[in-house]
Amino acid sequence: MQACTALAFNLRRKTEFLVALADYSVKCFDTETKELVSWMRGHNSSVSSISVHGSGRYAITTSTDTAQLWDLDTFQRKRKLNVRQSVGIQQVFFLPLSNTILSCFKDNSVFAWEFDTLHCKYQLPTAVEGSALHYKVFAVTRDGRIFVAGGKSNHLHLWCLESKQLVRIIQMPTEVRAVRHLEFLPDSFDGGSNQVLGVLSQDNIMRFISIETYKLLFVIGSHEEGISTAAISPNGRYIASVMENGSLNLYSVQALTQEVNKPPPPLFKVVEDWPKSEANKLTTRVTSGRSEQPWKSKGGKIQTRLLKVQMNTLLENKENELPGGLNKKRLQALLKGYGEYPAKYRMFVWRSLLQLPENHLAFSSLIDKGTHSAFVNIQNEYPIKSRKLLRVLQRTLSALAHWSAIFGETPYIPLLAFPFVKLFQNNQLICFEVVATVVVNFCQHWFEYFPNPPVNILSMMENILAHHDRELLQHLIKYSVTSQVYAWPLLETLFSEVLTREEWLKVFDNIFSNHPSYFLMIVVAYIICSRAPLLLCNQSQDFEYFFHHRNNLDINAVIKQAYHLMETTPPDIHPQRVLDDFMPLTKGQYPVFNKYPKFVVDYQTRERERIRQDEIEYLRERQLMHELEAKAQERKAEDEAFYRKQELLREAEEQRRKMVLEEEEKLAERRRRLAAVRRELKVKELQFLDASRRRFLKYQQDQRQMELKRLDEDIARKASMREQETAATLQDIEVRQMELESQRQLFEQRLIKDQETITQEMREEKDDRQRKADLEDHIVQRWVETDREERQKAQMVAEENLAKAEQNCIDNEWRLQALHKLRRDDQDREKRYEEIAKLLHDNRVKEAELLKAMREAEEKKWEEVTWRKAQLEEEQKAAAAANEHRKQFLEDEMNDALELAEKLQREDGYFERLRDLKARHAERGVEFQQLPKSGNICLNDLSASQSSLHTSSDRRQELARQERELMADIRQLRQKLTARAQTRRPPARVSPTRWTT
C-alpha cells in the first residue's frame, strides 16, 4: 500500500531485489518465496536511488539529505553520509567493476570515496567558467573511466575520471532543453569503454549519440508516444521503456541500428587464401531497422507486438552463443585474423569463453574454511616477493584443496595456478573459477595415475609426435628422453616457464577458444617447432634445461602448427576421441571433482599427517636436545667460571688478610684516638645538656610566670567585672528601695493626711500606734534587709567558692596538661588530638544538656511565675473577702458599743465623748474603706513587675497591723465599757455571752 520510489536488482542472491517506498523505508523481497526478507529504516525523506556493488553484497540508498551504506548479508547499516541541508545530495553510486563510490551534490561538487576505508580519493574540479550547469542526472561507462553529467540544459559534461578533467562539452539539439535520464549502451566489443550514450530529454524522446563522433545514431519515442523512463539490458541488446500511456515497449538494438554492435573491421593477416564467398560469410552485416510507431492500448487491454528483426539472428547457432553477447564462431574468426584478442578486452572475452558462473556464495564458503594445511608454509617453497600475490596464491590453492582433496596433495598445482593468480590477483573469485575450469576441462584424465604423471595423456602425445615427426621421437628415445621430460614440464607449468607474458596470453587465447584437445596439440607443436635445437642435444641435462627455460621460438608458428595438427591428426590417435567437450562450471555450486584414485589420495593424506606429526615430534625432541645441550654448555661454563673465581678468591683472600692485619693495627690506633675524642665530646655534650636544661628551666619558669600573670590579670578582670556587676545590682536595688520608700512615704502621707482629721484625743494613741508601727516597720525592714544581705552574702560566697574552684580546677588542669606535655609530647600527639576531639564532643554534649536544663528551668520558672500570679489573685480575692468580713464585724461591734454607750449616757455624762468616739469610729470606717482600695491599687500596680512583690507584702503587713491596732482599741474600749457597766446596774437585755463572743 506504499508507492515505490526506487528499485534495485543484481544482488548477491539473485532471487532478491530491493524496493524503496514512499514511507522512507527500504524493503528486500524474494521472488521465489514472494516473502519479505528484510526491512531497512533510517531515512528521513524518500529514497531517490539505490546502487548495488558489483559483488551484490553492499548497497547505497540515497535521499536528499543523506546516503547510507548497507550490508546486504546482515541488512545492517555500515556507514552514513551526512551533508548540510543547504547543499543536498543528488546521487551516490558505485563505479562499475571497482571499489570506488561517487557522490554528486546539488552544488555541482563531485567526490570519489574509497569503499574499503571510506576516505576521500579525489574531487572533480569546478567546470569551466561560463559552462556551468546544475547537475541532475549522471552516467558512467562500464570501465569506470568516463563520467557524464547533465541537467536543465542541452549541454552534457564529459569527465575523464583518470585525469579528473572535463574533456568534452556536448551540445544536444535545440529541441532538448533539459535532460531527464542518461545511460550508456553496453557493447560486447568495447571492453567496457562504452561509446554510445542514451539521452532522455524533457520532450520524452530518447536520443542515442556517439561520444566519439558526436553523431545522432537513432531515436526512440515520439511526441505522440512519449517515454516516461527507460532501461537498457546488461548485454546491450534490448531497451525497455515505459511509455506515458502506461504501455511497455521492448526495442531490439540490433534492429534499430547496425552501427552499435558491429565488430571492428578485421585486419586479417594473410595466412592462406580464403575464397571471397567464405570471407563474406565471416562478415555479418546488420542493417539498420527502425521500429514502427509504438502501439496504442485500446479498451484498457494490454497489447503486445513483436518487432521485426533480421533473419540472420534466427539462423545463429545457439551452441556458439556466449555470455556477454559474444559469439564463439565470430571470436574464432577474429582470433584467426589477428592471432590474439585485444589486450583491452581479453579478460572479458576469456570470462565469456569459459562461461564462469561467478558463484559468490560457494566461493565464500571455501574461503571461509581458511588456509589449507598443505599450503600453510607455501612461502618456504615458493618465495614470492609480493606479499599480496603470495596471499592470493595461498587463498586460491586453499580453496582448490577444500573443493577437492586431490589438489592438496598435487605438488604441481601451485605451478599450474600461478600464472592465473598473477593475472587475476585483483579478483580472487574469477581467478579461482578460471583455474577450476582449466583443471576440469583442459586437465582431463591427469589424475587417474596419481601420484604419477598422466601416463595416458603422455602416451597420447607421444603417439601424435610419432605420427607427425618420427625422426625427432627416435632421437629422444635414443637418449632416453621420455615424455615425462619433454612433455610433462610444459603441461604442469602451462608453458609459464618457457614463454613470455605476451606469448603465454596469445597461446591461451587460442587454447580457450578451441576444444580441450588443442592444449595437447600445442604442446606437441612446441616440440615439433623446436626439433632443430633438440636434434643437436645429446645429454639428458640439456633436454631438461630446454624444457624448463625460455627458448628463441616463434610462438605464432607454434600456434599455426597446433591448428595444423588438429586438422591432420588421424581420428584413431586424435585427443578428441578421449577428451570430452568443454563443460563450464555449474552455477550455484561447483561440481564434484573425484576423477582420481581416492585411496591413493587418502593414503597420502594419512602419510602426510603422520609425517607432519613425526616432524613435529622430531622438532620437539630436537628443540629439547638443543635446550639440554645449551644447558650442559651453560653448566660447564658456569663450573669453569666458578673454579676461576675460587682461585681468584683464594689469592684475594691472602691479600685481604695482610691488608686486614694492617688495617686492624691502624684501626686500634684510631679507636684510641676516637675514645679520647669521644670522651671530650661526651663532656661537651653533658655541658651542653646542662646549659640546655638550665635554659629550658628558665624558659619554663618564665612561661609559668607569664601564665600566672595572665591568670592574675584574668582574675582581676573577672573580679572587677563582678564588682561592677555587683555595684550595678546594688544600685538597682537601691533605686528600687528608693522607689518603694517613696511609694511608702506617699502612702504614709496620705494616711497622715487622713488621720489628721481624727480628733485630737486619738492623736496620742495614734502616735503610740505609729511609733509601734514604725518599730515594726523597722523590724520588718531590718528583717528584709538582713534576709537580702544574707542572700547576697551567700551568693557572693558561692560565687567566690565557684571562682576559687574554677581557679583551682584551671590550675590543676594546667599543671596536669603541662605534666602530660612534658611526659608525652611526641609519642601521644595523635592520642591527645583524639582526646581533645572527644573532650570537645563531650563539652558539646554537656553544653547541649546544660542548654536543655536551662530551657527546662526557664520553663519551670515561667510556670512558677504563672502559678504565683494565680496564687496572688486568689490571695487578693481572699483578702478582699476578709476585709469585707472584718468591716462587717467592726460595724457590728461598733453598733453594739454605741448602743451600750447610749444606755450608760445618763449615768456617766459622757455622751458627748461617746458621740465624738462614734464620729471618730465613723472616720475610721471611712479609712478602712479606703485602705483595701489603695491596697488593691498597689497590688495591681505591683503585679506588672516581679520586683514589686516586696512592696505588696509590706502593704499587707501595714494593713494587718492597722487592723490589729483597731481591734486592740475596740477591745480596750469594750473592757472599759464593761467595767463601767459592771460597777453599775447592767441592762436586763444585754447578754453576757455577747461580750464573750
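As recorded in an unreviewed UniProt entry, the protein goes by the name TBC1 domain family member 31, listed as coming from Meleagris gallopavo. UniProt's Function (unreviewed entry) comment on the protein is quoted here verbatim: "Molecular adapter which is involved in cilium biogenesis. Part of a functional complex including OFD1 a centriolar protein involved in cilium assembly. Could regulate the cAMP-dependent phosphorylation of OFD1, and its subsequent ubiquitination by PJA2 which ultimately leads to its proteasomal degradation."

Trainee: Whenever I open this one, the sheet that holds strand β3 (residues 26-30) confuses me. Can you help?
Mentor: The strands making up a sheet are joined through hydrogen bonds of the backbone, oriented either antiparallel or parallel. Sheet architecture is open: four strands sit in the order β1-β2-β3-β4, paired in antiparallel fashion. Among the strands making up the open sheet, the edge pair consists of β1 (4-8) and β4 (36-40). Strand-to-strand, the axes of this sheet are offset by a mean angle of 20 degrees, without reference to chain direction. In this structure, strand β2 (residues 16-21) lies alongside β3, joined through five bridges in antiparallel fashion. When the sheet's bridge partners are listed, Phe-17 is paired in β3 with Phe-29.

Trainee: What should I look at first to understand the sheet that holds strand β8 (residues 76-82) in this one?
Mentor: Overall, antiparallel pairing links the four strands, which are arranged β5-β6-β7-β8 in an open sheet. The strands lining the two open edges of the sheet, one partner per strand, are β5 (49-52) and β8. Each strand axis lies, on average, 20 degrees off the axis of its neighbour in the sheet, ignoring direction. Strand direction decides the pairing type here: β5 and strand β6 (residues 58-62), joined by four bridges, are antiparallel. The partner of Val-52 across the bridge, within β6, is Ala-59.

Trainee: Please explain the packing of aromatic side chains as it appears in this structure.
Mentor: In total, this model carries 39 aromatic pairs according to the counting rule given. Measuring from centroid to centroid gives 6.2 Å for Phe-495 and Phe-519, while their planes differ by 70 degrees, and the two rings are edge-to-face. You can see Phe-495 sitting in the loop between α15 (488-493) and α16 (501-512) and its partner Phe-519 sitting in helix α17 (residues 517-529), a full 24 residues away along the chain. The exposure class of Phe-495 is buried, given its relative accessible area of 2%. For the cation-ring pair, Lys-27 lies above Trp-39, with the distance from its terminal atom to the ring centre recorded as 4.2 Å. One Lys or Arg, Lys-164, reaches over the ring of Tyr-122 and ends 4.6 Å from the middle of that ring.

Trainee: Looking at this structure, I do not really get the pattern of salt bridges. What am I missing?
Mentor: Where charged atoms of side chains with opposite charge meet at close range, the side chains can pair. For the structure on display, the rule yields 26 salt bridges. Across the pair Arg-351 and Glu-358 runs a salt bridge whose closest N-O atoms are separated by 2.4 Å. Among the ionic pairs, Arg-531 bridges to Asp-469, the shortest N-O distance being 2.7 Å. Placement of the pair is Arg-531 in helix α18 (residues 531-536) and Asp-469 in the loop between α12 (455-468) and α13 (470-478), with a sequence separation of 62 residues. Arg-531 gets classed as partly exposed once you look at its relative accessible area, which sits at 28%. For Asp-469, a relative accessible area of 8% corresponds to the buried category. Connected via shared salt-bridge partners are Arg-12, Arg-13, Glu-16, Arg-57 and Asp-73.

Trainee: Could you clarify how one ought to interpret a nonpolar patch on the surface in this entry?
Mentor: On the surface, a cluster of nonpolar side chains totalling about 410 Å² of accessible area is made up of Phe-696, Leu-697, Tyr-699 and Leu-822. Per-element accounting of the nonpolar patch gives the leading share, three residues, to helix α21 (residues 598-755). Structurally, the position occupied by Phe-696 is in helix α21. Note on Phe-696: relative accessible area 42%, which makes it partly exposed.

Trainee: Would you mind showing me how to read the packing of α16 against α17 here?
Mentor: Between two packed helices, what matters for the description is the angle formed by their axes and the separation of those axes. Direction vectors running N to C along α16 and α17 enclose 140 degrees, while the axes themselves pass 8 Å from each other. The orientation of α16 with respect to α17, classified from their angle, is oblique. When you trace α16 past α17, the crossing you get is right-handed. Two secondary-structure elements touch here, α16 through Val-507, Asn-510 and Ile-511 and α17 through Tyr-518, Phe-519 and Ile-522. Looking at the contact of α16 with α17 residue by residue, the class counts come to five nonpolar, one polar and no charged.

Trainee: Just to check I follow, could you spell out the confidence of the model for the protein for this structure?
Mentor: Averaged over all residues, the pLDDT of the protein is 78; the fraction at 70 or higher stands at 81%. This model gives residues 263-317 a pLDDT under 50, and the stretch forms 60 contacts once residues within four places in sequence are excluded. Predicted confidence for residues 926-950 stays below pLDDT 50, and this span has 30 contacts to residues more than four positions away or in other chains.

Trainee: Help me understand the pairing of strand β10 (residues 100-105) in this model?
Mentor: Strand residues, when the strand is regular, have side chains that alternate between the two faces of the sheet. In terms of residue burial, β10 counts as a mostly covered element, since six of its six residues are buried. As judged from the five bridges shared by strand β9 (residues 89-94) and β10, these two strands associate in the antiparallel manner. Directly across from Ile-89, in β10, lies its bridge partner Phe-105. Two successive antiparallel strands, β9 and β10, enclose a turn made up of five residues, where Leu-97 displays a positive phi of approximately 55 degrees. In the sheet, β10 pairs with strand β11 (residues 110-114) via five bridges, with the strands oriented antiparallel. Bridge assignment links Leu-102 to a residue of β11, and that residue is Ala-112. Between β10 and β11, which pair antiparallel one after the other, the connecting turn spans four residues, and Asn-108 there sits at a positive phi close to 70 degrees.

Basis of the calculations
- Each residue is numbered by its place in its chain's sequence as written, counting from 1.
- In keeping with the predicted nature of the model, local features appear solely for residues at pLDDT of at least 70, side-chain atom pairs appear and are counted solely at 80 or more, and the whole-chain, interface and lining totals rest on all residues.
- In computing side-chain properties, one takes all heavy atoms of the structure into account and sets aside hydrogens as well as water.
- UniProt positions are given in the numbering used here, feature names are shortened, and annotations may be inferred rather than shown by experiment.
- When DSSP finds two or more bridges between a pair of strands, those strands are recorded as paired.
- Secondary structure elements are taken from DSSP: a helix is a run of H or I of four residues or more, a strand is a run of E of two residues or more, and numbering for both begins at the N terminus.
- Here, axes are lines fitted to C-alpha atoms. For helices the fit covers the stretch in contact, and angles between N-to-C directions go from 0 to 180 degrees.
- Pairing of aromatic rings covers Phe, Tyr and the six-membered ring of Trp, with a centre-to-centre limit of 6.5 Å; geometry is then stacked below 30 degrees between planes, edge-to-face above 60, and tilted otherwise.
- Only protein chains enter the accessibility calculation, which uses a 1.4 Å probe. A residue is then buried if its area is under 20% of the maximum for its type, exposed if over 50%, and partly exposed in between.
- The rule for a charge over a ring is simple: NZ of Lys or CZ of Arg within 6 Å of the ring centre, and within 35 degrees of the ring normal.
- Salt bridge, as used here, is a side-chain nitrogen of Lys or Arg placed within 4 Å of a carboxyl oxygen of Asp or Glu.
- Think of a patch as exposed residues, more than 30% relative accessible area, with no salt bridge, where like charges cluster within 9 Å and nonpolar side chains (Val, Leu, Ile, Met, Phe, Trp, Tyr) cluster within 5 Å.
- For every accessible area listed, the method is Shrake-Rupley and the probe measures 1.4 Å; residues are considered covered only by the protein chains on display.
- When describing relative orientation, an angle under 35 degrees is termed roughly parallel and one over 145 degrees roughly antiparallel, while 65 to 115 degrees is termed roughly perpendicular and anything else oblique.
- When the near helix sits turned anticlockwise from the far one by under a right angle, the crossing is termed left-handed; a clockwise turn instead gives a right-handed crossing.
- Throughout, a residue-residue contact means that at least one pair of heavy atoms, one from each residue, lies within 4.5 Å.
- Each residue is assigned to one of three groups, with Ala, Val, Leu, Ile, Met, Phe, Trp, Tyr, Cys and Pro labelled nonpolar, Asp, Glu, Lys and Arg labelled charged, and all others, Gly among them, labelled polar.
- Residue-level confidence of the predictor, termed pLDDT, takes values from 0 up to 100.

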